[in-house]
Amino acid sequence: MKNYEMLINMQIMQRGLDKAVFEKMNMNDYPTQSQYCKAIIDEIGELNHELKPEWCWWKKNPGIVDDQKVLEELVDIWHFALSFANSAKFKPNPNTLNGKYKPCDVTTFTSFIVAGIFMVDCEGLFRHMHALTVGLGYSMEDVFDAYTKKNAVNHQRAESDY
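Scope of this entry: the structure provided in the associated data block. None of these values were measured; they are calculated from a predicted model. (Residues numbered from 1 in each chain as written. Predicted model: local features only at pLDDT ≥ 70, side-chain atom pairs only at ≥ 80, totals over all residues. Heavy atoms only, no water.)

Glancing now at the pattern of salt bridges. Enumeration over the complete set of coordinates arrives at one salt bridge. The salt bridge partner of Asp 76 is Lys 150, with a shortest N-O separation of 2.6 Å. Residue Asp 76 is found in helix H4 (residues 67-87), and its partner Lys 150 is found in helix H7 (residues 140-159); the two are separated by 74 residues along the sequence. Of the two residues examined, Asp 76 and Lys 150, each falls in the buried class. (Salt bridge = Lys/Arg side-chain N within 4 Å of Asp/Glu carboxyl O. Helix = DSSP H or I, 4+ residues; strand = E, 2+ residues; numbered from the N terminus. Buried < 20%, exposed > 50% of the residue type's maximum accessible area, 1.4 Å probe, protein only.)

Structure, rendered in structure tokens:
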């Protein structure tokens, strides 16, 4: 499956999850841009914490990076980015995610993401999501597979008292 097709499928799955969550929470509309920024920044913090062994110079034994946990946190960011894109009624085109983007790290990603949300630049948002994904050593196939699994978990959470 092409990157574009995976993005479309994830956006459709996210639309279903958004509907379930919004119904459960008695929400009539999508969250605000500020709420999306806060949610994504919170998830970036969780991702950064999982990467701490790579940047924590003051600890003799900072541990090791758990690639599975890093992927899980990355996918949580994808969930919010997809939800935001749905709120903006963004429709990807076949060129979305097909460019050769320079991989980026969490710091670079963070510096661009807030501006992208407030400018409602979904193309840019997904370009940076893809660059972060590649920068962390994952493919869109990795993200798609992990996203599909986490989306099912999130649906179960929406049906419970999570």
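Let us look at H4. When the terminal C-alpha atoms of H4 are compared, their 30 Å separation across 21 residues agrees well with the 30 Å that a helix rising 1.5 Å per residue should span. Taken across its 21 residues, H4 has 15 buried, putting it largely inside the fold. For H4, the N-terminal cap is Asp 66; the gap from its side-chain oxygen to the backbone nitrogen of Gln 68 is 3.0 Å. A positive phi of about 55° marks Lys 89, the residue just after H4. (Expected span 1.5 Å × (residues − 1). Polar contact = N/O pair within 3.5 Å; in protein donor to acceptor, adjacent residues only side chain to side chain.)

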